[in-house]
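Here is what each chain is made of, one letter per residue.
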Amino acid sequence: MRLVWFCAFACLAVPSAFGEGITIVLDFQGPRSEPSVAEMKREFAGIMKDTALRFDFRSRGQASEETLTDLVVVRFTGKCVLDPVGYLYDERGPMAFTYSTDGVVQPFSEVACDKVTSAVRSAMAGGDFAHADVLLGRALGRVLAHEVVHILSKSGAHGHAGVARTALSGSQLIAPELRLEAEDVERIHAR
């Protein structure tokens, strides 16, 4: 069982049911590529378009200056940058996870950027390196969408295909398209 990460957001009220508009607070703990972050948001929006929900993004600093409801907090650990020279990193374990308490899924997730960048790098070849920021952003958007599906559906269940499947390979993370399957949209709306 994982403990809920409260950080600076412990004082914010998180309703038990999300409304039509959801604010996703991005809390980067290490360096990040701004072009990758922009692509992550674009990819996430494309994946989640069929949910009919509206998503807004805020940085941790922005969120601390506002009163927010319908909040999801995602902490990004490690380096969210695809360096030109790779380094050895243990790829075992999940690229991200969503916290739960007593079996109840919480609106807090954590993305291990080092694991995502390692998976992306393993799938890249030739000309892919010319647009590494876009591919990393695409991968981060897909990992983020996967975790948000858990949060919105209030379930640890996975889909059979698409972005909500149990595991995503490096190739799936950077493929031209990866969708949210209809059954996953239904799970979100059944919440």
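See the structure above.
Draft legend 1. Region of interest: the overall build of the chain. When helices and strands are tallied, the chain shows six helices and five strands. Residue burial in the chain is summarised as follows: out of 191 residues, 49% are buried. A separation of at least 24 residues holds for 77% of the contacts in the chain among residues at least 6 apart in sequence. Approximately 9100 Å² of the chain is accessible, and the part contributed by carbon and sulfur atoms is 53%.

Draft legend 2. View of the pairing of strand 1 (residues 21–28). The buried count for strand 1 comes to eight of eight residues, which makes it a mostly enclosed element. Both strand 1 and strand 2 (residues 54–59) contribute to a ladder of six bridges, which runs parallel. Among the inter-strand pairings, V25 is bridged to a residue of strand 2, identified as R58. For the handedness criterion, the β-α-β arrangement of strand 1, helix 1 (residues 34–48) and strand 2 is classed as right-handed. Here strand 1 runs beside strand 3 (residues 71–77); their pairing, made up of six bridges, is parallel. Opposite F28, over in strand 3, you have F76 as the bridge partner.

Draft legend 3. Representation of the sheet that holds strand 3. Sheet architecture is open: five strands sit in the order 2-1-3-5-4, paired in mixed fashion. Only two strands of the sheet have a single neighbouring strand rather than two, namely strand 2 and strand 4 (96–101). Recorded for the sheet is a direction-independent mean angle of 25° between the axes of neighbouring strands. Judged from the five bridges that link them, strand 3 and strand 5 (residues 104–112) form a sheet pairing that is parallel. By the bridge assignment for strand 5, R75 is matched with E110. Packing against the sheet, helix 3 (residues 113–123) makes contact with strand 3 and strand 5, and its axis sits at approximately 60° to strand 5. In the packing of helix 4 (residues 132–153) onto the sheet, contacts are made with strand 1, strand 2, strand 3, strand 4 and strand 5, and the angle to strand 5 comes to roughly 170°.

Draft legend 4. Representation of helix 4 in the model. In this model, helix 4 (22 residues) spans 32 Å end to end at C-alpha, consistent with the 32 Å of a helix rising 1.5 Å per residue. Taken across its 22 residues, helix 4 has 20 buried, putting it largely inside the fold. Positive phi appears at K154, one or two residues downstream of helix 4, with a value of about 55°.

Draft legend 5. Structural context of unusual backbone geometry. Phi at D70 is positive, roughly 50°, even though this residue is not glycine. Note on placement: D70 falls in the loop between helix 2 (60–64) and strand 3. Non-glycine residue K154 carries a positive phi angle of around 55°. Examined against the element boundaries, K154 turns out to sit in the loop between helix 4 and helix 5 (170–174).

Parameters and conventions
- Residues numbered from 1 in each chain as written.
- Predicted model: local features only at pLDDT ≥ 70, side-chain atom pairs only at ≥ 80, totals over all residues.
- Heavy atoms only, no water.
- Helix = DSSP H or I, 4+ residues; strand = E, 2+ residues; numbered from the N terminus.
- Buried < 20%, exposed > 50% of the residue type's maximum accessible area, 1.4 Å probe, protein only.
- Contact = heavy atoms within 4.5 Å.
- Areas by Shrake-Rupley, 256 points an atom, 1.4 Å probe, with all protein chains shown as cover.
- Pairing = 2+ DSSP bridges.
- Right-handed = clockwise from strand over helix to strand, strands pointing away.
- Axes fitted to C-alpha atoms, helices over the stretch in contact; angles between N-to-C directions.
- Expected span 1.5 Å × (residues − 1).

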